[in-house]
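Summary of the model geometry
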Amino acid sequence: MTHVEDELNSQPECWIRAAEEAGRHREALPDPGERVAVVGCGTSYFMAQAVAALREGSGRGETDAFAASEFPAGRSYDRVIALTRSGTTTEVLQLLAELKGRTRTTAVTADPGTPVMEAADDLVVLDYADERSVVQTRFATTALTLLRAHLGLHTGAAVTDARTALTSPLPQGLVECTQFTFLGRGWTVGLANEAGLKMREASLSWTEAYPAMEYRHGPISITTAGTATWMFGEAPDGLAEQVRATGGLWVGSGLDPLAELVRAQRLAVAVAASRGLDPDRPRHLTRSVILTP
């Protein structure tokens, strides 16, 4: 078993622990009404998108998401949350340094023994969700679970659905597809973006991701036999039928959308195996992007 398989299989237990510990981290996480930005790079940026949509959509306060390198320097926030598995990513550390003394910051990380420990004002450590694989799975979903629990939006059903996602067969013909499109709405747009990234990293697949209502505005034109369109959450009326009419494979879900991401992680590993690739060693990637001056 690869490291990434072992790590993605451990997600239900990690989620249970994160939800149980959410109350202990309350002081490090934003209060209702605060104006908040959530930042990250790569996978963490897509989790930031999901967190921002969840928080603002649930009425807890205005919340934005940015790639750490694209944070708007002139904008004012009560708190900035940085998601960083390694605690060493250059763009995140540079941003935290720029915000020091003028905006309160919280880092959610897997490794406190890194520069982020001194860079952020508050620290949330999910060391039990750290990973050996370059490809992120459990840290990303565990960080999102922690923040869902902080918002009062996590339930045990997500854990149950994650176990189902780990054990139920993937849809027939999905592994053999040559192109994959992932769709979301609201907070699940971030999950769709992350599913596409997992497929690119682990299996070198051609993938795209869009807000579901945007799919009709051009992207559906590439859908045909041998392509798959995967919806995270409830699909817009009529979209599944339109995709099937193209000859493409439609993948819907009745699972919690975060559990659906676990299924997409499994697909990435399965496609990698079918192509003779090692998902623990993705091409041109390292665990953390550290830029030298």
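Here, every reference points to the structure presented above.
It should be emphasised that the depicted structure is a prediction, and the values quoted were computed from it without experimental measurement.

**Some words on helix α7 (residues 156–167)**
- Between its terminal C-alpha atoms α7 stretches 17 Å, which fits the 16 Å expected from 12 residues at 1.5 Å a residue.
- Within the sequence span of α7, burial applies to Ala158, Val159, Asp161, Ala162, Ala165 and Leu166. Projected onto a plane normal to the axis of α7, the buried residues spread over an arc of 165° and lie on a single side.
- Summarising the contacts, the buried residues of α7 are in contact with α1 (3–9), α2 (11–21), α6 (138–150) and α10 (257–274).

**Description of the nonpolar core**
- One finds Leu144, Phe180, Phe182, Leu191 and Phe232 to be the most contacted residues of the largest nonpolar core, which totals 62 residues.
- Broken down by element, this core gets its largest block of residues, nine residues, from α10.
- Sequence-distant contacts of Phe182, that is, excluding residues within four places in its chain, are made with Ala192, Ala195, Gly196, Met199, Thr207, Glu208, Ala209, Tyr210, Trp230, Phe232 and Ala264.
- Counting 17 residues, the second largest nonpolar core, distinct from the first, contains Ala37, Val39, Leu99 and Ala107.

**Remarks on unusual backbone geometry**
- Positioned with a positive phi, Leu204 is a non-glycine residue whose angle comes to about 55°.
- One can find Leu204 in the loop between α8 (188–203) and β7 (206–211).

**What about the environment of Ala165?**
- The topology assignment puts Ala165 in helix α7.
- Of the residues examined, Ala165 reaches a relative accessible area of 0% and is grouped as buried.
- Linking Ala165 and Ala264, residues 99 residues apart in sequence, is a C-alpha distance of 9.0 Å.
- Not counting the four nearest positions on each side in its chain, Ala165 is found in contact with Leu255, Ala259, Val262, Arg263 and Arg266.

**Considering the side chain of Asp64**
- Structurally, Asp64 is set in strand β2 (residues 63–67).
- Classification of Asp64 by relative accessible area gives buried; the value is 18%.
- Sequence-distant contacts of Asp64, that is, excluding residues within four places in its chain, are made with Arg35, Val36, Ala37, Val38, Ala52, Arg75 and Tyr77.

**Topic: the sheet that holds strand β6 (residues 179–184)**
- Strand order in this open sheet of four strands is β7-β6-β8-β9, and the pairing throughout is parallel. If you trace the sheet from one side to the other, it starts and ends with β7 and β9 (249–251), each paired once. Between one strand axis and the next, the sheet turns by 20° as a mean value, whatever way the strands run.
- Sheet topology places β6 next to strand β8 (residues 227–231); five bridges connect them, and they run parallel. Across the sheet, the residue bridging to Leu183 is Met231, located in β8.
- The strands touched by α8 within the sheet are β6 and β7, with β6 carrying the most contacts at an inclination of about 160°.
- Those strands touched by α10 are β6, β8 and β9, and its axis lies near 155° from that of β8.

Rules used throughout
Residues numbered from 1 in each chain as written. Predicted model: local features only at pLDDT ≥ 70, side-chain atom pairs only at ≥ 80, totals over all residues. Heavy atoms only, no water. Helix = DSSP H or I, 4+ residues; strand = E, 2+ residues; numbered from the N terminus. Expected span 1.5 Å × (residues − 1). Buried < 20%, exposed > 50% of the residue type's maximum accessible area, 1.4 Å probe, protein only. Arc of directions from axis to C-beta. Contact = heavy atoms within 4.5 Å. Core = buried A, V, L, I, M, F, W, Y, C linked by side-chain atoms within 4.5 Å. Pairing = 2+ DSSP bridges. Axes fitted to C-alpha atoms, helices over the stretch in contact; angles between N-to-C directions.

Shape descriptors only; they carry no functional weight alone.
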